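Observations on chain architecture
Spelled out from the first residue to the last, the chains are:
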Amino acid sequence: MTNEPIITIIGNLTADPELRFTPSGAPVASFTIASTPRTFNRQAGQWEDGTPLFMRCQVWRDAAENVAESLRKGMRVIAQGRLVQRSYTTRDGQDRTVVELQADEVGPSLRYARAQVAKTPPRGQGQPAQGQGGGGWDAPAGGAAGDPWATQGGDSVPF
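The structure reproduced in this document is the subject of the present report. (Residues numbered from 1 in each chain as written. Predicted model: local features only at pLDDT ≥ 70, side-chain atom pairs only at ≥ 80, totals over all residues. Heavy atoms only, no water.)

On to the overall build of the chain, then. Secondary structure assignment for the chain yields 1 helix and 8 strands. Counting the 159 residues in the chain, one finds 25% classified as buried. Within the chain, counting contacts between residues at least 6 apart in sequence, those at least 24 apart form 48% of the total. For the chain, the accessible area works out to roughly 11100 Å², and carbon and sulfur atoms hold 49% of it. (Helix = DSSP H or I, 4+ residues; strand = E, 2+ residues; numbered from the N terminus. Buried < 20%, exposed > 50% of the residue type's maximum accessible area, 1.4 Å probe, protein only. Contact = heavy atoms within 4.5 Å. Areas by Shrake-Rupley, 256 points an atom, 1.4 Å probe, with all protein chains shown as cover.)

See below:
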């Protein structure tokens, strides 16, 4: 949709992402990010934590499976997406409204960590090209041997 505000949140996962599947088979991963602002108190000469924001997030399809397999409780992550409001009725008849982040992009923060990235094939595509270098997936040729993003040539596939 147009004119939807896009937000980015950075913080730590409060638990491992929960992967589940809709009745039609679409994967969805749910997780909570705790983002705590820090400010420097000049009078005390130290950093102080502010009130944490706990943002419930969801990510769908291939990204959901990648998130569930890659991220764990306590990891610092970056998530970007749209805020959505959802209303529902609890089992005891109470009406509730929640605001969640429908994430389009999720990844580890590399501020205090390193990551090893491994590409996954697009759903419904063939097997990776075989040969030297990693990846493949019918992307344009290029890259040095041993480069995980190097390819062996073929037709371009949109990611």
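Moving on, we come to the nonpolar core. Counting residues in hydrophobic clusters, the biggest one holds 15 residues, and the most contacted among them are F31, I33 and V59. Once you skip the residues sitting within four places of it in the chain, F31 turns out to touch L13, P17, M55, R56, C57, V59, V67 and V106. (Core = buried A, V, L, I, M, F, W, Y, C linked by side-chain atoms within 4.5 Å.)

Size it by volume and the largest pocket reaches roughly 1200 Å³. Around the largest pocket, the lining comprises 34 residues; the ones closest to its centre are N66, S70, V106, V117 and A118. Ranked by the residues each element gives to the lining of the largest pocket, the list is headed by helix α1 (residues 61-70), at 7 residues. For the lining of the largest pocket, the class distribution of residues is 20 nonpolar, 6 polar and 8 charged. The volume enclosed by the second largest pocket comes to roughly 230 Å³. Around the second largest pocket, the lining residues are I10, G11, N12, A34, S35, T36, R38, R76, R111 and Y112. (1 Å grid on protein atoms, 1.4 Å probe; cavity = no way out; pocket = protein on both sides within 12 Å on 5 of 7 lines; lining within 4 Å. Points joined across faces, edges and corners; volume = space filled by probe spheres on them. Nonpolar A, V, L, I, M, F, W, Y, C, P; charged D, E, K, R; others polar.)

Bridge count between strand β1 (residues 6-13) and strand β7 (residues 76-89): 7 bridges; the pairing is antiparallel. Each residue of the ladder has a partner; that of I6, found in β7, is R82. Of the strand pairs in this sheet, β1 and strand β3 (residues 27-35) are connected by 2 bridges, and their pairing is antiparallel. From the neighbouring strand, N12 faces β3, where its bridge partner is A34. (Pairing = 2+ DSSP bridges.)

The next point concerns the side chain of S109. Structurally, the position occupied by S109 is in the segment after β8 (95-108). Taking the relative accessible area as the measure of exposure, S109 reaches 7% and is therefore buried. Apart from residues lying up to four places away in sequence, S109 is in contact with R76, V77 and I78.

Moving on to the pattern of salt bridges. Under the defined criterion, the tally for this structure stands at 5 salt bridges. Between D49 and R38 there is a salt bridge, and its shortest N-O distance comes to 2.8 Å. Here D49, found in strand β5 (residues 46-49), pairs with R38, found in strand β4 (residues 38-41); they are 11 residues apart in sequence, far enough to count as distant. One network of salt bridges, in which partners are shared, links E4, R82 and D104. (Salt bridge = Lys/Arg side-chain N within 4 Å of Asp/Glu carboxyl O.)

It is worth spelling out the pairing of β7 at this point. Here β7 runs beside β8; their pairing, made up of 13 bridges, is antiparallel. Bridge assignment links V84 to a residue of β8, and that residue is E100. In sequence, β7 turns back onto β8 through a hairpin of 5 residues, with G93 there showing a positive phi of about 85 degrees.

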